[in-house]
Amino acid sequence: MPNAMKLTVSHAPFLHDGSEVSTKQYNIIAATLIAVIAGLLQYGIPALGVLTLSVGSAMAWELLMNLLTRRPVSIGDGNAALIGLLFAMLLPAVVPWWLVVTGTFVAVVIGKQIYGGIGGNPFNPVVVAYAILMISWPMFLDFNAALVDYQFDFTAGSPLVLYKAYGTAGLESFSLGGLLLGQQAGGIGATFGLGLIIGGIYLILRGFIRWEIAVSFLAGIFITALCFNLYNPEVYAGPGFHLLTGFTLIGAFFLATEDSSSPVHFIPMLVYGLLGGFLTVMIRNLGAHIDGVIYAILIINLVNPIIDKIRPKAMKRVMHHA
Amino acid sequence: MKRQFFGIATPKLKYDVIEDVQPEPVSVQPKQRVTLFIEKAYDRADKALIKKGDAVARGQRLQLFAEDPAAYAICPVPGVISEISPFIGMMEKQMTAVVIDTESDREDDRDTAFKEVSGTPSIEDAARFLGRVPGKPDFTQFTDADRMVKTIAVLGADQDLQTITGQYIIKTGISSVKTGIDILRKITGVQNIVLVVAQYQVQVAGTAAAGVRSVDAYYPSAHPEMIIRHLLAEQAEQGQIGFLTAEAVAGIGEAYNTGELPLEKRITVVKKDGTRQLVTAPVGTHAADILDAVNEQVENGDRLIMGGPMTGDAVYSLEHPVEPDTDAIIVQDKEMIVAGTDTPCTNCGECVRICPANIPVNELVRLLDAGEYEKAAEQAALFSCIECGLCAYACESRIPIFQFIRLAKHAVKRMRAAEEANA
């Protein structure tokens, strides 16, 4: 029929809630900012250098991979920037530039792009990168060594290192309030617990991360640490210490909750989080490593596809359809 | 319909509710021609019982081929057949489009074939004449030997969002619904008939001499599958529940009351600005005529939807006709259209949480993306899908999941049919 009118034809549904991948990524970036700014105030210009290099190089790797694999340019969705930002938040303020660039290469290229980009990665790219760097160049990621030139008005030793070396005896100079407010040596954006908690709660309320994972991760740490602590309070620190040190809070709110590598069903989310928390404390208390969060998250990422099979049965249909 | 600022709880979509003082529907008549669809491929033009140039009367039954009495349409206006052509609908559905040029000077030309049999209601006559009344009752569910329908659910609650057609029927036509229910009892032998309505209409529905069940205000609670699951679970054995819309039942009532086939379809028109207008128009009226009558301008790039916003079909032409089950016509401004993307699934899980059928949509969409349709049917509950469209509504990556699912179901059904044919 002669009809000049061209209507838009598409498939149902014709309503959409307006959500977008980029909205989520930018909101997560925004939620990190309190902790990041606190880190910048504490560590100054070197930290800013690490942050900007990390974000910039992560986006550059993403763009490069987009061009190499001839796929649509995806740096606009904010995911690469978020990976760079989270990676920098885990790093000490003073690290060699090439370590940052290598780290973002591992994160973006090996952690994400070779699986086909966003949504395809079985592991959290940031965690993969940090784990590989931790194995390859442990000396640069030792907070005590990296931050040796800083003058702090609190105990300069990283609390988890002291804990590993001296047990609870090494922790007398730390107060939980101080730890919450970031009075500890650690990653650029990983020490200001209060900021991470506020950011995490913001993301939970907005529905950008799944509360089940964050809460159960923290619950796993709390319960496991409490058990150890009750068993032998002389040797094992209490749950408050474990919750506020190392990468616990950034892990619970920003790393374990990464969409692609975490479960979506209710019970699996709880299992995933609890297991992560449990493993974290096990590694810290019994393992050889100083902080268990990175390895714990890698392991729960690994088991995620299996535990996500625990799900309600799909509705059985009883109708005939003509 | 946007995402709430706080997103901790799963979003809920509320059905629209008819206003207390509903303005009278605008009555629209087709301007020059109507188009009717017959659900049968037009593959043997020489054998067709209807031909171009045939004069047809109001209410006349237009059967396409002699051997298939189920493939017919009811002519809504007197006129002359000007074109018969094949038409392909959604999912390769083979149909025949019959275009009839209206002749207003024959206004009173009414076919009387139904009137002659209307004194003694029977299921055969109902299937023969009433299968295309507005609301499109499916009588095959009562004649199918495999099915023993023991309960009929009459759907008075609207199936889709933004639509108030069903509620309007309950509000203004409950006496016809009652007549229809009485006749249904007689012709089908099914005594247990329940009327399913929105909560606020329970009282008015109570006058219809049937059991009344109410559905809550949130989509897709009025979907037949959800009704089976939540309201009629005790009777939910294989195929024992039949469904008819309230409009169809009212139409059956009217038909036997007056001896004339009801031809006027009630339609909710939703304009670009979101305002709503009830319209009555004969089945077959083109969307263009209806939109003219309510002063709605459609421009290049806009979207015209026949049916509701979650499950309707976007059509490519303003000449698309109202079908017997078109409850709504929606026009969306091009600025309002959210386009799909080819962003992969990020596994955010919104679809899984919103799915009323508990389908692991995140897994399903990966299998479908890879073309693993059989696997999707076996492992990811493809056929549990009730086609409500909520997954695609909530999808952050804006993947057209609903389309994937329909395509996959279609492909699997076709494959299985082919396997059976070869076995």
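Here is what the cut-offs are and how they apply
- Note on numbering: residues in each chain are counted from 1, in written sequence order.
- Think of it this way: whatever chain is written first is A, whatever ligand is written first is 1, and the rest follow in order.
- Confidence filtering applies because this is a predicted model: local features only for residues at pLDDT of at least 70, side-chain atom pairs given and counted only at 80 or more, and all residues used for totals across whole chains, interfaces and linings.
- Helix and strand assignments follow DSSP, with helices taken as H or I runs no shorter than four residues and strands as E runs no shorter than two, numbered in order from the N terminus.
- Radius of gyration: C-alpha atoms only; globule rule: 2.2 Å multiplied by the number of residues to the exponent 0.38.
- Residues are called buried when their C-beta atom has 20 or more other C-beta atoms within 10 Å, exposed when it has 12 or fewer, and partly exposed otherwise; all C-beta atoms are positioned from the backbone.
- Once C-beta atoms have been placed from the backbone, residue pairs whose C-beta atoms lie within 7 Å are recorded as contacts.
- Side-chain classes are defined by residue name, with Ala, Val, Leu, Ile, Met, Phe, Trp, Tyr, Cys and Pro counting as nonpolar, Asp, Glu, Lys and Arg as charged, and the others, Gly among them, as polar.
- The length a helix should cover is 1.5 Å for every residue beyond the first.
- The axes are straight lines fitted to the C-alpha atoms, using for helices just the contacting stretch, and the angles between their N-to-C directions are given from 0 to 180°.
- Should an angle lie under 35 degrees it is considered roughly parallel, over 145 roughly antiparallel, and from 65 to 115 roughly perpendicular; all remaining angles are considered oblique.
- Definitions for this section: a left-handed crossing has its near helix turned counterclockwise from the far helix by less than a right angle. A right-handed crossing has that turn clockwise.
- Being paired, for any two strands, means DSSP has found at least two bridges between them.
- Predictor confidence is given residue by residue as pLDDT, running from a minimum of 0 to a maximum of 100.
- For every domain, the bounds stem from an assignment made automatically or drawn from a database.

Caption draft 1: Main features of the overall build of chain A. The number of helices and strands found in chain A is 14 helices and zero strands. When the helices and strands of chain A are listed from N to C terminus, the series reads α-α-α-α-α-α-α-α-α-α-α-α-α-α. The C-alpha atoms of chain A give a radius of gyration of 21 Å, which matches the 20 Å a tight globule of 322 residues would have. Summarising its shape, the C-alpha atoms of chain A cover approximately 85 × 50 × 30 Å along the three principal directions. A buried classification covers 55% of the 322 residues belonging to chain A. For chain A, the proportion of contacts with a sequence separation of at least 24, taken over those separated by at least 6, is 74%.

Caption draft 2: Region of the structure containing the interface of chain A and chain B. Counting residues at the interface gives 45 residues for chain A, matched by 67 residues for chain B. At the level of secondary structure, the elements contributing two or more residues to the side of chain A that touches chain B comprise α1 (21–43) and α9 (193–206) of chain A. Ranked by residues supplied to the side of chain A that touches chain B, first place goes to α9(A) with three residues. Within the side of chain A that touches chain B, the residues separate by chemical class into 20 nonpolar, 15 polar and ten charged.

Caption draft 3: View of helix α2 (residues 45–68) of chain A. All names here are of chain A. For α2, built from 24 residues, the straight-helix expectation of 34 Å at 1.5 Å per residue is met to within 8% by its first-to-last C-alpha distance of 34 Å. When we look at burial in α2, the residues that qualify are A47, V50, L51, L53, S54, V55, S57, A58, M59, W61, E62 and M65. Those residues of α2 that are buried are in contact with α1, α3 (79–90) and α4 (97–110). Immediately beyond the C-terminal end of α2, within one or two residues, lies R70, with a positive phi of roughly 55 degrees.

Caption draft 4: Main features of the packing of α2(A) against α4(A). Residues and elements named next belong to chain A. Between α2 and α4, whose axes approach to 8 Å, the crossing angle comes to 40 degrees. In this view, α2 runs oblique relative to α4, as classed from their interaxial angle. Considering how the two elements wind past one another, α2 and α4 form a crossing that is right-handed. Residues V50, L53, S54, S57, A58, W61, E62 and M65 of α2 form the contact with α4, whose participating residues are W97, V100, V101, T104, F105, A107, V108 and V109. Across the contact of α2 with α4, the residue classes tally to twelve nonpolar, three polar and one charged.

Caption draft 5: Quick peek at unusual backbone geometry. Backbone torsion omega between A:A12 and A:P13 reads 0 degrees, so that peptide bond is classified as cis. Assignment of secondary structure puts A:P13 in the segment before α1. Phi is positive for B:E387, which is not a glycine, with a value near 60 degrees. When you line up the elements, B:E387 lands in the loop between α12 (373–379) and α13 (390–394).

Caption draft 6: Fine view of helix α8 (residues 246–258) of chain B. Residues and elements named next belong to chain B. Relative to the 18 Å expected for 13 residues at 1.5 Å per residue, α8 spans 18 Å between its end C-alpha atoms, a close match to the ideal helical length. Burial analysis of α8 places eleven of its 13 residues in the buried class, the great majority of the element. If you check which residues of α8 are buried, you get A246, E247, A248, V249, A250, G251, I252, G253, E254, A255 and Y256. At the exit of α8 stands G259, carrying a positive phi of roughly 80 degrees.

Caption draft 7: Main features of the environment of A:K164. All names here are of chain A. With respect to the helices and strands, the residue K164 is situated in helix α7 (residues 159–166). Taking the C-beta count within 10 Å as the criterion, K164 has 17 such neighbours and is therefore assigned partly exposed. Separated by 121 residues in sequence, K164 and N285 place their C-alpha atoms 7.7 Å apart.

Caption draft 8: Main features of the packing of helix α13 (residues 266–286) of chain A against helix α14 (residues 293–307) of chain A. Residue and element names in this part refer to chain A. Running from N to C, α13 and α14 cross one another at 150 degrees; their axes reach a closest spacing of 8 Å. In terms of their interaxial angle, α13 and α14 are classed as roughly antiparallel. Read as a crossing pair, α13 and α14 show a hand that is right-handed. Residues P268, V271, Y272, L275, G276, L279, T280 and I283 of α13 form the contact with α14, whose own contacting residues are V293, Y295, A296, I297, I299, I300, N304 and I307. The residue makeup of the contact of α13 with α14, split by class, is 13 nonpolar, three polar and no charged.

Caption draft 9: Local environment of the pairing of strand β6 (residues 79–88) of chain B. Residues and elements named next belong to chain B. Taken together, the two bridges between strand β3 (residues 55–56) and β6 define a ladder with antiparallel strand orientation. For V56, the partnering residue across the bridge sits in β6 and is G79. By the bridge criterion, nine bridges tie β6 to strand β7 (residues 94–102) in an arrangement that is antiparallel. Counted as the bridge partner of S85 is A97 from β7. Following β6, the chain reverses through five residues before pairing antiparallel with β7; M91 in that reversal takes a positive phi of roughly 55 degrees.

Caption draft 10: Fine view of the confidence of the model for chain B. Of the residues in chain B, 99% have a pLDDT of 70 or more, and the chain-wide mean is 91. With a pTM of 0.91, the predicted complex shows an ipTM of 0.90.

Caption draft 11: Region of the structure containing the sheet that holds strand β12 (residues 264–270) of chain B. Residues and elements named next belong to chain B. The strand order across the open sheet built from six strands is β1-β13-β12-β16-β14-β15, with neighbouring strands paired in mixed fashion. At either end of the open sheet lies a strand with only one pairing partner, and these are β1 (26–27) and β15 (313–315). Examined bridge by bridge, strand β14 (residues 303–306) and strand β16 (residues 328–332) share four bridges and lie antiparallel to one another. In the strand pairing of β16, M306 is matched with I329.

Caption draft 12: The domain arrangement of chain B, seen in detail. On domain assignment, one finds that chain B holds domain 1 (32–108), domain 2 (117–258), domain 3 (264–336) and domain 4 (350–422). Each of domain 3 of chain B and domain 4 of chain B has a C-alpha centre, and the two are 28 Å apart.

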